[in-house]
Amino acid sequence: MDVIGLNCSAGPKVMLETVEKMMQYSKKPVSAMPNAGHPQRVEGRHIYLCSPEYMSQYARRFLWAGVKIIGGCCGTTPEHIKLIRSKRGPCSRGQSNVTVSTPATDAPDNGKPVQRWPRLR
């Protein structure tokens, strides 16, 4: 299956606006994997400010727009994905197959986890 989509960006709001424009020009399934907003630097760390609840509200909007694959990028946690996944349901316009993508985590030699997204099939 061929899919077009967006990954990362500037959070779910901006991505939704862009996805809606893209869908006007293509009949292919669309994926949306926004990050959890613009990171803020706090005490030397990057903190993403979009809460799981906020991301899940946009997941519902993505579904309503017709997005077929929803996931997350930078700043997305397992709690974000859990709540995004909970939005699958009757809100989607006649959709029967919606995929929520979750990252696969590997631990390389340095012991730090690395997120790798599963390949789309």
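Residues numbered from 1 in each chain as written. Predicted model: local features only at pLDDT ≥ 70, side-chain atom pairs only at ≥ 80, totals over all residues. Heavy atoms only, no water.

## A short note on the pairing of strand E2 (residues 30-34)
At step 1: Within E2, five of the five residues are buried, which leaves it mostly tucked inside the rest of the structure.
At step 2: Side chains Val-30, Ala-32 and Pro-34 of E2 all project onto a buried face; the interleaved residues Ser-31 and Met-33 project onto the opposite face, where all are buried too.
At step 3: Looking at chain direction, strand E1 (residues 4-8) and E2 are connected through five bridges and run parallel. Looking at E2, one finds that Leu-6 is bridged to Ala-32.
At step 4: The parallel pair E1 and E2, bridged by helix H1 (residues 12-23), forms a crossover whose chirality is right-handed.
At step 5: Bridging between E2 and strand E5 (residues 69-70) involves two bridges; their strand directions are parallel. Residue Ala-32 lies in a different strand from E5, and its bridge partner there is Ile-70. (Buried < 20%, exposed > 50% of the residue type's maximum accessible area, 1.4 Å probe, protein only. Helix = DSSP H or I, 4+ residues; strand = E, 2+ residues; numbered from the N terminus. Pairing = 2+ DSSP bridges. Right-handed = clockwise from strand over helix to strand, strands pointing away.)

## Some words on the environment of Leu-16
At step 1: Tracing the backbone through its elements, the reader meets Leu-16 in helix H1.
At step 2: For the pair Leu-16 and Val-67, spaced 51 residues apart in sequence, the C-alpha separation works out to 9.5 Å.
At step 3: Filtering out sequence-adjacent residues up to four positions away, Leu-16 remains in contact with Tyr-58, Arg-61, Phe-62 and Ala-65. (Contact = heavy atoms within 4.5 Å.)

## Concerning the environment of Ser-56
At step 1: Topologically, Ser-56 is positioned in helix H2 (residues 52-65).
At step 2: Residues Ser-56 and His-80 lie 24 residues apart in sequence; the distance between their C-alpha atoms is 7.1 Å.
At step 3: If near-sequence neighbours (up to four positions away) are discounted, Ser-56 is found in contact with Leu-83, Ile-84 and Lys-87.
At step 4: From its side chain, Ser-56 meets the backbone oxygen of Glu-53 in a polar contact 2.8 Å long. (Polar contact = N/O pair within 3.5 Å; in protein donor to acceptor, adjacent residues only side chain to side chain.)

## Quick notes on the nonpolar core
At step 1: Judged by nonpolar contacts, the single largest core of 16 residues is most densely connected at Val-19, Ala-32, Phe-62, Val-67, Ile-70 and Ile-84.
At step 2: Listing elements by their share of this core, those giving two or more residues are H1, E2, H2 and helix H3 (78-85).
At step 3: Looking at this core, the element that brings in the most residues is H2, giving five residues. (Core = buried A, V, L, I, M, F, W, Y, C linked by side-chain atoms within 4.5 Å.)

## As for the packing of H1 against H2
At step 1: Following both chains from N to C, one finds H1 and H2 inclined at 5 degrees, their axes separated by 10 Å at the closest point. The orientation of H1 relative to H2 falls into the category roughly parallel. Packed against H1, whose contacting residues are Pro-12, Lys-13, Met-15, Leu-16, Val-19, Glu-20 and Met-23, the element H2 presents Tyr-54, Met-55, Tyr-58, Arg-61, Phe-62 and Ala-65 at the interface. (Axes fitted to C-alpha atoms, helices over the stretch in contact; angles between N-to-C directions. Parallel < 35°, antiparallel > 145°, perpendicular 65-115°, else oblique.)

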